[in-house]
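Notes for the structure review
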Amino acid sequence: MGKGFFISKVVAVVCVVVAISAVATIIALSVVYAQEKSKNQETPTTATTAGPGTQTTTPSTPKEPWQRYRLPDSLSPISYNVTLWPRLTPNTDGLYIFSGYSTVLFTCVKETDLILIHSNKLNFTMFDGYHAQLKAVDGASAPQLKKSWLEVPTQYLVIQLSSPLQAGSTYELFTEFVGELADDLGGFYRSEYDEDGVRKILATTQMQPTDARKAFPCFDEPAMKAVFHMTLIHPHGTVALSNSMNYEPINITTPDGLNLIQTSFGPTEIMSTYLLAFVVCDFGFIQSDLGANVLIRIWARKKAIEEGQGAYALEKTGPILSFFEKYYKIPYPLKKSDQIALPDFSAGAMENWGLITYRETALLYNPAVSSNGDKEWVATVISHELAHMWFGNLVTTKWWNDLWLNEGFATYVSYLGANYAEPDWNMSDLIVLNEIIGVMAVDALASSHPLSSKEADVMRPEDINALFDSITYSKGAAVLRMLSSFITEEVFSNGLNTYLEEFKYKNTVYQDLWKNLQTAVDNAGIQLPHSVEVIMNRWILQMGFPVVTIDTKTGKISQKHFLLNPDSVVDVPSEFNYEWFVPITWIKTGAAKDQYWLLTKEATNADMTTGDGDWLIANIDMKGFYRVNYDSENWDRILTKLSTQHQDIPVINRAQIIDDAFNLARAKIVSTTLALSTTRFLNTELEYMPWQTATRNLDYFVLMFDRSEVYGPMQGYINKKVTPLFKHFEELTANWTKIPEKHTDQYNQVNALSWGCSTGVDGCKELTTAWFKEWMDNPDNNKISPNLRTTVYCSAIAEGGAVEWDFAWKMYKSATIASEAEKLLYALSCTKQPWLLNSYGGGSMSFGRLISGVTKRFSSEFEYKQLLQFKEDNINQLGSAASSFEQALERTKANMDWVALNKELVFDWFTSEISGTV
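Residues numbered from 1 in each chain as written. Predicted model: local features only at pLDDT ≥ 70, side-chain atom pairs only at ≥ 80, totals over all residues. Heavy atoms only, no water.

Considerations on the domain arrangement of the protein
As far as domains go, the protein holds domain 1 (65-282), domain 2 (395-541), domain 3 (544-652) and domain 4 (847-912). Spacing between the C-alpha centres of domain 1 and domain 3 amounts to 55 Å. (Domains from an automatic or database assignment.)

Examining the pattern of salt bridges
Applying the stated criterion across every chain yields a total of 42 salt bridges. As a salt-bridge pair, Lys-765 and Glu-799 come within 3.5 Å of each other at their nearest N and O atoms. One end of the pair, Lys-765, is in helix α20 (residues 764-777); the other, Glu-799, is in helix α21 (residues 789-799), and 34 residues separate them in sequence. For Glu-799, a relative accessible area of 38% corresponds to the partly exposed category. (Salt bridge = Lys/Arg side-chain N within 4 Å of Asp/Glu carboxyl O. Helix = DSSP H or I, 4+ residues; strand = E, 2+ residues; numbered from the N terminus. Buried < 20%, exposed > 50% of the residue type's maximum accessible area, 1.4 Å probe, protein only.)

As for the UniProt feature "active site" (unreviewed entry) in the protein
Residues annotated by UniProt as "active site" (unreviewed entry) correspond here to Glu-385. Within the fold, Glu-385 resides in helix α6 (residues 372-388). Every residue in contact with Glu-385, bar those within four places of it in the chain, is listed here: Met-1, Gly-2, Ala-349, Met-350, Glu-351, Ile-356 and Tyr-358. (UniProt positions renumbered as here; feature names shortened; annotations may be inferred. Contact = heavy atoms within 4.5 Å.)

What about the packing of aromatic side chains?
Applying the stated criterion to the full structure yields 59 aromatic pairs. Ring geometry for Phe-323 and Tyr-420: centres 5.4 Å apart, planes at 35°, overall tilted. Of this pair, Phe-323 sits in helix α4 (residues 311-328) while Tyr-420 sits in helix α7 (residues 403-421); the two residues are 97 residues apart in sequence, bridging distant segments of the chain. Under the relative-accessibility criterion, Phe-323 is labelled buried at 15%. With a centroid separation of 5.7 Å and an interplanar angle of 15°, the aromatic rings of Trp-805 and Trp-809 are classed as stacked. Remark: Trp-809 and Trp-805 occur in helix α22 (residues 802-814); sequence separation between them is four residues, near one turn of the helix. Across this residue pair, the class does not change: Trp-805 and Trp-809 are buried. Above the face of the Trp-399 ring, Arg-70 is positioned so that its terminal group lies 3.6 Å from the ring centre. The ring of Trp-149 has Lys-147 lying over it, and the distance from NZ or CZ to the ring centre is 5.5 Å. (Phe/Tyr/Trp six-rings, centres within 6.5 Å; stacked < 30°, edge-to-face > 60°. Lys NZ or Arg CZ within 6 Å of the ring centre and 35° of its normal.)

Quick look at the side chain of Thr-380
Position of Thr-380 relative to the elements: it lies in helix α6. Judged by relative accessible area, which is 9%, Thr-380 ranks as buried. What Thr-380 contacts, discounting residues up to four positions off in sequence, is Ser-414, Tyr-415, Ala-418 and Met-427.

Description of the environment of Ser-322
Relative to the elements of secondary structure, Ser-322 occurs in helix α4. Each C-alpha atom of the pair Ser-322 and Tyr-332 lies 8.3 Å from the other, and the pair is ten residues apart in sequence.

A short note on the sheet that holds strand β29 (residues 602-604)
Across the sheet, four strands lie side by side as β29-β24-β23-β31; this open sheet has mixed pairing. A single partner strand is all that each edge strand has here, and the edge strands are β29 and β31 (627-630). Neighbour-to-neighbour, the strand axes of this sheet turn through a mean angle of 20°, independent of strand direction. Sheet analysis places strand β24 (residues 556-561) next to β29, joined by three bridges and oriented antiparallel. Residue Ser-558 lies in a different strand from β29, and its bridge partner there is Glu-602. The strands that helix α15 (residues 651-666) touches are β23 (546-551) and β31; relative to β31, the one it contacts most, it runs at about 80°. (Pairing = 2+ DSSP bridges. Axes fitted to C-alpha atoms, helices over the stretch in contact; angles between N-to-C directions.)

Written out as structure tokens, the structure reads:
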């Protein structure tokens, strides 16, 4: 599943309010939390066709099988035959419902008198007082049903039998049911949207991780793979889609006289329930050329298709599929690849096998309105989902505790696929900015968690949902990138091929991949200090990562668990004592040296000593997941090199130096002034990656000091650094009339404008205000470059008042393109007149992400106590947001300590820099 990062109305509002008052923030958290809690506790009332039996929860002891969250290993599904009829208009009770029936064919693996099958929020037709009918296949007799009920806490339909099912025999279980077609974005749900003033309804699905059971009764675990035969009944004027190609639809008439369409689909490949998908909509589509090996179709709202918003996705899907076929050395396993953009979708995308669902912003691209960042997002999300067609779908991890392998891998190779589709974008480098640097900040907290969990620790649906975080996706990608680097990409690809071939249509644990990679390593004659498994265990079975310190005077190298707050207590023990096997790549005075493995807490490498004028940099291109510190003399030589000939240092490492230094300073390992000194060279830097890294780190200073006397001299310093960059782009773009050719230059142009306007570079605010006014004067003709719109909108609204804000609000309400709506939504929060935000409606996002967004600038004792009080008041109801609260508390405490320690010296440093003295 693709990550779903976005800025919602709630975030935009609260992030502004928080600048005014911590109390307001806590109130906002309380309101949103209460809304979400209420929403999650709602039990929809659905139509029911229940007979004399009723849905009950039978009291039982925790030892009973139906009170355990994992299915027993006594039954194994073979196939499902499912028919569903979603109602796209409400019934007399005002509810949207769906009805259906299902037959599951299963084998009895171990003799048992109990059938447990997942079911959630379904009302069943009763057959002689039971929730299902059971029959044996091949003429055998089936046991009589003794008792059946719905075990709500563990989401089972429980069927007790009068005699046991026989091992080796095959049976069929038939159920008929009704469910609510709710708007909760899970299971079989409805999505609503407006098009040309008309309210439209579609029915769609999101099964991952545990919501297939909301659509029909099923053995809803990844290892319970089966074949699915789907049939959908739907109104005329709509189309039905599913994982497989459809047979010719037929017209049917219901007993009460309704004329409908019945669409049946070919059998799926053997696959997990969470990969099942079906959609009923009135969308349009574009498709690949007839005769292509794989039919590719892009589905979206008809207006979006007519406007050509699906063209870019269609253009790039074929090449990306071809790339992965070569990368895995296995043909694409299916005959078609449908991709559909949904107006209402919780994640970025979902890798349903043959029918990938996307949020609109992740699939649709309009060059007249969408930015290069929007375009990159489309390319990487498509690549992420297509990577899953093999890794995740063809071969699936046994249980959710190995989710990191599935999502981390897809995240890593998504950059390879996107790099193939857009070779001029340098995507294989941008993974450092987009994934690795960000997740290092999270993994440097004592409240982080290991990539891999024990199977027994991930049981409940809420446990599973909590794993869908940046550690799983981004750290997973980072450590696999590191592994691929030290065994080589070719060997990595060879190991993947044998892994996929060995386990296709089956399930695995992560050790199965390590074994195949080890074989590839051995075949290639690559020498490693330990086996792949032994090396990687230290990166996946313990949280965090090391800071490697190199003393170039002595050649001594050491490692230590890196924590942003050195005073935080790590209360989770590690069998490896928080030590890692670290692959150190390095250069000395620009010359590449042989990779060195740090295998102990301390070691000495005489080659890493330097003479006069030599400088050393480790972790080349940030291929390793660790930070690097040096002796003070080497730091000085690096700073001198940056100030004189910064191009001699690889561009990724220029970014790394900045990011490492700032984070080492926050951890009190180096001085804050050393970190700030790594930005001195920026007035001569034109590349995006160093500038973007500096921006992210200086943003922290802005968050901590924008309410203090430090703000003035800090703004003056940044103004001095960004003015040359602003003038460079002014010249490169012929006074802002052209778009830079380089992908990363288009990004860095945004940094020039954003910092330029926020720090008062001459002419910047006037420029953005004039562009915005020109648009206000002619709303139907927005000439602002799509790449610059977020920055221009934000700057103009910050400088303006109610007139500018009201105009942006109006344009947001009428926006027909999702990416444009998001830019306007974000910009509305830039106002310096918070009362304007009262116009906002509600929004939707995870509560955990809300916590992170609204507390990131907390740095006072008062704010910490307010946050702590909120946690104590809601301690038993936080659910999957509990870890986010712990991280927020830890981060706030670290911010408090950091401000107290650094405020005075930072003020002095910035003051000294802008006065021209050192």
